[in-house]
Amino acid sequence: MSVAVKITFRPTTRQVIGRALFLGGVSALVALVPAVGYMLAVGHWYHLTLGGLVLVAAAVALAVAYAGARRHGVVLDERGIHPLDTQGAQGKPERYAAWTEVADIRAERRAGRTVPVVYVNDPAQKPWRLRAPYSGRALSADAELDEKIFVMRSLWEGFRRGLPPRRGDE
C-alpha cells in the first residue's frame, strides 16, 4: 500500500505580520521623508496627506508581505523536497532534492534566523537553505520550528531507506 505524503511549510501568520510591519515601516519612511521635506519647505502641514501616505504604505506592505509568504515555502512529498514557487527570480527552475540525494538536514543559524539546511550527496552542490520554515527574533519566531525539522528528518530517514511513512494509528 502506497501512502501519499504532501506536507507544505510556509511562513506563519505571525511572520507575515512581522514582515508587513517591517516593510510598512520602510515604505512609510521612504514615502514620508520627501513629503515632510516638502511640507517643511513650503511651511504648511498637510495632515490628511501624511495620514493617506501612511495608510497606502501599510496596505502595500501588507500585500507584498502576504504575496511573498504565499510563494516562499517548501513541499515535502514522496519524491523529495521542492519549493512552492517552481520558478526562481530569473525564471530559472528552483532547486529540488530527491530523498535519495539528501545527505543531511540540519538546523543552522544564518543572519539572525534558524533555518533548515539540506545537504546533498554531490559535494559540488552548495547546501540548500530553505526559505521556510524558519525562526528568528520577535515576530519572526516560530515555536514549532523544531517539530517541523523533525518531520523533515523523519520523512527523509524513511524515504531514503525505501520505507513509506507510517501513520501513528497503523
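Residues numbered from 1 in each chain as written. Predicted model: local features only at pLDDT ≥ 70, side-chain atom pairs only at ≥ 80, totals over all residues. Heavy atoms only, no water.

Student: What is the right way to look at the sheet that holds strand 3 (residues 80-83) in this model?
Tutor: Sheet architecture is open: four strands sit in the order 1-2-3-4, paired in antiparallel fashion. Across the chains shown, the open sheet's two edge strands, defined by having one partner strand only, are strand 1 (6-9) and strand 4 (97-98). As judged from the four bridges shared by strand 1 and strand 2 (residues 74-77), these two strands associate in the antiparallel manner. Bridge pairing links Phe9 to Val74 in strand 2. (Pairing = 2+ DSSP bridges. Helix = DSSP H or I, 4+ residues; strand = E, 2+ residues; numbered from the N terminus.)

Student: Just to check I follow, could you spell out a nonpolar patch on the surface for this structure?
Tutor: A surface patch of nonpolar side chains, about 270 Å² in accessible area, is lined by Ile17, Leu21 and Leu139. By the element assignment, Ile17 lies in helix 1 (residues 13-42). Judged by relative accessible area, which is 44%, Ile17 ranks as partly exposed. (Patch = residues over 30% accessible without salt bridge, like charges linked within 9 Å, V, L, I, M, F, W, Y side chains within 5 Å. Areas by Shrake-Rupley, 256 points an atom, 1.4 Å probe, with all protein chains shown as cover. Salt bridge = Lys/Arg side-chain N within 4 Å of Asp/Glu carboxyl O. Buried < 20%, exposed > 50% of the residue type's maximum accessible area, 1.4 Å probe, protein only.)

Student: Whenever I open this one, the confidence of the model for the protein chain confuses me. Can you help?
Tutor: Where the model shows low pLDDT, its predicted coordinates should not be examined in detail. Chain-level pLDDT for the protein chain is 82 on average; 86% of the residues reach the 70-or-more range. Between the elements of the protein chain, mean pLDDT differs from a low of 82, seen in helix 2 (residues 47-71), to a high of 92, seen in strand 6 (residues 113-120). (pLDDT = per-residue confidence, 0-100.)

Student: Sorry if this is basic, but what is going on with the sheet that holds strand 6 here?
Tutor: Sheet strands pair via backbone hydrogen bonds, and the direction of the pair is either parallel or antiparallel. The strand order across the open sheet built from three strands is 5-6-7, with neighbouring strands paired in antiparallel fashion. Of all the strands in the sheet, the pair left with one neighbour each is strand 5 (102-110) and strand 7 (128-129). Both strand 5 and strand 6 contribute to a ladder of eight bridges, which runs antiparallel. By the bridge assignment, Ala107 is partnered in strand 6 with Pro116. Of the strands in this sheet, strand 5 and strand 6 touch helix 3 (residues 145-160), which is tilted by about 165° from strand 5. (Contact = heavy atoms within 4.5 Å. Axes fitted to C-alpha atoms, helices over the stretch in contact; angles between N-to-C directions.)

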